[in-house]
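What follows is the residue order along each chain.
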Amino acid sequence: MNIHWVDGDLVRRTKAQHIEVDQPLSKEFHTFGFLWTERELVWYFKGREIRRESNFFAHADASVFLSSAVIKWAGPVTDAIDGTSMDVDYVRVWRQP
């Protein structure tokens, strides 16, 4: 779960958090959630809150990206990644009135 933004000095910033789960995620579909309000950002996994951050920068419309990016700092990158994929059953996005 990453937060990316550009600060007032136009420097790209990232705040990341890694969560361990007690099951392989590749065996079945899972429900992830994200609540974005004026004051905070909240992440959910299987209906349970797993991260909460103050919203100090995200106050305009934004695109939604789903990614299984392979990044060196997340762990060793080996040939085991070949032939793998991320399957998404559905995505639901709405704006509260």
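These figures come from a predicted structure and were not determined experimentally.

### Topic: the overall build of the protein
For step 1, the next point in the chain: Tallying secondary structure elements over the protein gives zero helices and five strands in all.
For step 2, the next point in the chain: Along the protein, helices and strands appear, N-terminal first, in the series β-β-β-β-β.
For step 3, the next point in the chain: Expressed along its principal axes, the backbone C-alpha trace of the protein runs to roughly 40 × 35 × 25 Å.
For step 4, the next point in the chain: Looking at the protein as a whole, 13% of its 97 residues are labelled buried.
For step 5, the next point in the chain: Considering only contacts in the protein between residues 6 or more positions apart, those separated by 24 or more positions represent 30%.

### Quick look at the sheet that holds strand β4 (residues 40-45)
For step 1, the next point in the chain: Across the sheet, which stays open at both edges, the three strands sit in the order β3-β4-β5 with antiparallel pairing between neighbours. Two strands bound the open sheet, and with one partner strand each, they are β3 (32-36) and β5 (48-54). Ignoring which end each strand starts from, the neighbouring axes of this sheet average 15° apart.

### Focus: the pattern of salt bridges
For step 1, the next point in the chain: What the rule picks out here adds up to six salt bridges.
For step 2, the next point in the chain: Ionic pairing is found between E49 and R52, a salt bridge with its closest N-O pair at 2.5 Å.
For step 3, the next point in the chain: Residue classification places R52 among the partly exposed positions, given a relative accessible area of 40%.
For step 4, the next point in the chain: Its salt-bridge partner being E53, residue R51 comes within 3.2 Å of it at the nearest N-O pair.
For step 5, the next point in the chain: Classification of E53 by relative accessible area gives buried; the value is 14%.
For step 6, the next point in the chain: One connected set of salt bridges, linked through shared partners, spans K15, R51 and E53.

### With respect to the pairing of β5
For step 1, the next point in the chain: As defined by bridge partners, β4 adjoins β5 across six bridges and the pair is classed as antiparallel. Looking across to β5, one finds that W43 is bridged to R51.
For step 2, the next point in the chain: Counted along the chain from β4 to the antiparallel partner β5, the turn is two residues long, and its residue K46 has a positive phi close to 55°.

Rules used in this analysis
- Residues numbered from 1 in each chain as written.
- Predicted model: local features only at pLDDT ≥ 70, side-chain atom pairs only at ≥ 80, totals over all residues.
- Heavy atoms only, no water.
- Helix = DSSP H or I, 4+ residues; strand = E, 2+ residues; numbered from the N terminus.
- Buried < 20%, exposed > 50% of the residue type's maximum accessible area, 1.4 Å probe, protein only.
- Contact = heavy atoms within 4.5 Å.
- Pairing = 2+ DSSP bridges.
- Axes fitted to C-alpha atoms, helices over the stretch in contact; angles between N-to-C directions.
- Salt bridge = Lys/Arg side-chain N within 4 Å of Asp/Glu carboxyl O.

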